[in-house]
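Observations on the model geometry
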Amino acid sequence: MSLQLEGKHILLGLSGGIACYKAAELVRLLVKDGATVQVVMSEAATQFITPVTMQALSNRPVRTSQWDAAEFNNMAHINMSREADAMLIAPASADLIAKLAQGRADDLLSLTALARPIERCPLLVAPAMNREMWAHPATQRNLRQIAADGAHVLNVGTGDQACGETGDGRMLEAAEIRDELIAFFQPKRLAGRRVLITAGPTFEPIDPVRGLTNRSSGKMGFAVARAAAEAGAEVTLVAGPVHLPTPRGVRRIDVQTAQQMFDAVLPRAGQQDVFIATAAVADWRPAKLADHKIKKQPGQAAPAGFELTENPDILAAVGKLAASRPFCVGFAAESQDLAKFARDKLERKRADLIVGNIGAATFGQDDNTLLLVDKAGERELPRNDKLSLARELVSEIAARMTPTTTP
Ligand code: C5P
């Protein structure tokens, strides 16, 4: 997959807290994704993790004091914040958040946060503290204040805390913070839009141990869900049986069968701005579900009375909605004549856009090639990893949305 933070320079601030141990992994992940990272630490942070560790991982001298004479003009707070594409404070302690809320600047970290050009160097804050400190009205008030001042405050996790208590206030894991940062840099082309997505295969049970399914991995649909969420949409993902983690910020509904997928989608579709059907829905299901395992009979070609019946077509049903029909996007997995079959689906399913791909070249793969087919014509999105393609698709969808569906 392409480097998600290539060309980005991140100013990573650490304030004091046990979550400093996660900052080592965080800087490693940011560098691995192509970012350059300048670390600045409060004095308290140096009690939890050494600047030597952070220097070795970031490959740059770590800044800890506004009085450090090593800086050519003795203005590290100005220089660092002018170079950065974003400042990320992780961990952000309760005390540091209080300082930010008040605009105090009595150490290099808070000074740099205050001195940064707000428009050019956005501030992301990953809080980390004990649950009582987190829940305290003063902390919550300070968080509201820094958000009102333009900071992007990340969620906290829930669970065991270093103090032995359990609750809210844990810093997000390093990989989660990296993903939040990547998402932050994506253009917000679907801000305020509601997007419903189906993904993965369906599983149509034959008896308690067997079923009909297909080789869809769900990777493309999950990438589309992630890309739509990164673009600022409120995303609901209806997923068939897949082994994939839910993209951050996405609401997920798990289903097994085509009928369950239909039942999850139809009541919600009318409240959406966009419906994207990436699921490889089974066209047929066994007409009757056997209560017990069907036994093999010698010489019998197929089980007695085994019949298939047609599944409902989810995309076509949403395409037919009369009132408040969302912008409908379908996928076509073909083995030949992609453009022809995609255009045929566009009309038959009353979709606004069909995304064609060659089945064998996409199922289970990490990359793909897409052919976009709509009323206006065709456009190929050349071979790329599925997340990059999903982001391109999201921007193509955003560009086609009519002003009448603007919230
Ligand atoms: O008919 P076909 O399966 O080739 O069409 C593919 C498109 O229709 C995909 O977008 C798929 O998610 C959607 N579909 C559906 N319900 C079905 C069958 C397909 O939503 N029962």
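Residues numbered from 1 in each chain as written. Predicted model: local features only at pLDDT ≥ 70, side-chain atom pairs only at ≥ 80, totals over all residues. Heavy atoms only, no water.

**What to know about the pairing of strand β7 (residues 166–170)**
Bridge count for strand β6 (residues 157–160) against β7 is four bridges, and the pairing is antiparallel. Within the sheet, the bridge partner assigned to G159 lies in β7 and is G167. Between β6 and β7, which follow one another and run antiparallel, lie five residues, and G164 among them has a positive phi close to 100°. (Pairing = 2+ DSSP bridges. Helix = DSSP H or I, 4+ residues; strand = E, 2+ residues; numbered from the N terminus.)

**So, the layout of surface pockets**
Estimates place the volume of the largest pocket at around 1000 Å³. Considering the residues around the largest pocket, the lining is formed by 34 residues, among which D179, R226, E230, P247 and R248 are closest to the centre. If you list the elements that add at least two residues to the lining of the largest pocket, you get α1 (20–32), α9 (174–184), α10 (219–230) and α15 (386–400). In the lining of the largest pocket, the residues fall into 14 nonpolar, seven polar and 13 charged. Each of domain 1 (9–185) and domain 2 (194–401) gives at least three residues to the lining of the largest pocket. Taken as a whole, the second largest pocket holds about 800 Å³ of empty space. Looking at the lining of the second largest pocket, the elements with two or more residues in it are α10, α12 (314–319) and β16 (327–334). The element that contributes the greatest number of residues to the lining of the second largest pocket is β16, accounting for four residues. (1 Å grid on protein atoms, 1.4 Å probe; cavity = no way out; pocket = protein on both sides within 12 Å on 5 of 7 lines; lining within 4 Å. Points joined across faces, edges and corners; volume = space filled by probe spheres on them. Nonpolar A, V, L, I, M, F, W, Y, C, P; charged D, E, K, R; others polar. Domains from an automatic or database assignment.)

**Side note on a nonpolar patch on the surface**
Taken together, the side chains of I18, Y21 and F48 present a nonpolar region at the surface, about 340 Å² in accessible area. Examined against the element boundaries, Y21 turns out to sit in helix α1. Residue classification places Y21 among the exposed residues on the basis of a relative accessible area of 53%. (Patch = residues over 30% accessible without salt bridge, like charges linked within 9 Å, V, L, I, M, F, W, Y side chains within 5 Å. Areas by Shrake-Rupley, 256 points an atom, 1.4 Å probe, with all protein chains shown as cover. Salt bridge = Lys/Arg side-chain N within 4 Å of Asp/Glu carboxyl O. Buried < 20%, exposed > 50% of the residue type's maximum accessible area, 1.4 Å probe, protein only.)

**As for the domain arrangement of the protein**
The parts lose accessible area when they come together, and the size of an interface is often stated as this lost area. Domain boundaries in the protein define domain 1 (9–185) and domain 2 (194–401). Here the C-alpha centroids of domain 1 and domain 2 sit 40 Å apart. Contacts between the two partners involve seven residues from domain 1, matched on the other side by four residues from domain 2. Summed over both sides, the interface between domain 1 and domain 2 buries roughly 440 Å², with carbon and sulfur atoms accounting for 43% of that surface. Among the residues domain 1 hides against domain 2, the three largest losses belong to D179, I182 and A183. Together they make up 64% of the total. Remark: the boundary between domain 1 and domain 2 carries two salt bridges. (Contact = heavy atoms within 4.5 Å. Buried area = accessible area lost by both parts, 1.4 Å probe.)

**Description of the site of the ligand**
The full set of residues close to the ligand is A277, A279, V281, P312, D313, I314, L315, G330, F331, K345 and K349. Within the contact set of the ligand, an oxygen atom lies 2.8 Å away from a side-chain nitrogen or oxygen of K349. For the ligand, the protein covers 87% of the area, taking 440 Å² as the surface of the free molecule. If you map the ligand onto the pockets, it falls in the second largest pocket. Looking at the shell around the ligand, the elements with two or more residues in it are α12 and β16. In terms of residue class, the shell around the ligand is made up of seven nonpolar, one polar and three charged. (Near = heavy atom within 4 Å. Polar contact = N/O pair within 3.5 Å; in protein donor to acceptor, adjacent residues only side chain to side chain. Sits in = over half its atoms within 2 Å of the grid points.)

**Some points on the sheet that holds strand β3 (residues 86–92)**
Sheet strands pair via backbone hydrogen bonds, and the direction of the pair is either parallel or antiparallel. One open sheet accounts for five strands, arranged β2-β1-β3-β4-β5; its pairing is parallel. Unpaired on one side and paired on the other, β2 (36–41) and β5 (152–153) mark the two borders of the sheet. Sheet topology places β3 next to strand β4 (residues 123–127); four bridges connect them, and they run parallel. Within β4, the position partnered with M87 by the bridge is L123.

**Remarks on the sheet that holds strand β17 (residues 353–358)**
Taken in spatial order, the eight strands make up an open sheet running β12-β11-β8-β13-β16-β17-β18-β19, and their pairing is mixed. Edge positions in the sheet fall to β12 (251–254) and β19 (377–385), since each of these pairs with one other strand and no more. If you compare each strand with its neighbour and ignore which way they point, the axes differ by 20° on average. Across the sheet, α10 lies against β8 (194–199), β11 (234–239), β12, β13 (274–277), β16 and β18 (367–374), angled at about 165° from β11, the strand it touches most. (Axes fitted to C-alpha atoms, helices over the stretch in contact; angles between N-to-C directions.)

**Let's talk about the packing of aromatic side chains**
One pass over the structure, following the stated rule, counts one aromatic pair. Both rings, one in F184 and one in F185, keep their centres 5.9 Å apart while their planes meet at 75°; by these two values the pair is edge-to-face. For F185, a relative accessible area of 23% translates into the label partly exposed. Note that K8 overlies the ring of F185, its terminal NZ or CZ placed 4.6 Å from the centroid. (Phe/Tyr/Trp six-rings, centres within 6.5 Å; stacked < 30°, edge-to-face > 60°. Lys NZ or Arg CZ within 6 Å of the ring centre and 35° of its normal.)

**Considering the packing of helix α4 (residues 76–83) against helix α6 (residues 108–115)**
Interaxial distance between α4 and α6 falls to 9 Å at its minimum, and their mutual angle equals 55°. Judged on the interaxial angle alone, α6 and α4 are oblique. As α4 packs across α6, the resulting crossing turns out to be right-handed. Of the residues in α6, those touching α4 at A76, H77, I78, M80, S81 and R82 are L108, L111, T112 and A115. Across the contact of α4 with α6, the residue classes tally to six nonpolar, three polar and one charged. (Parallel < 35°, antiparallel > 145°, perpendicular 65-115°, else oblique. Left-handed = near helix turned anticlockwise from the far one by under 90°.)

**Comments concerning α6**
α6 sits mainly inside the fold: seven of its eight residues count as buried. When we look at burial in α6, the residues that qualify are L108, L109, S110, L111, T112, A113 and A115.

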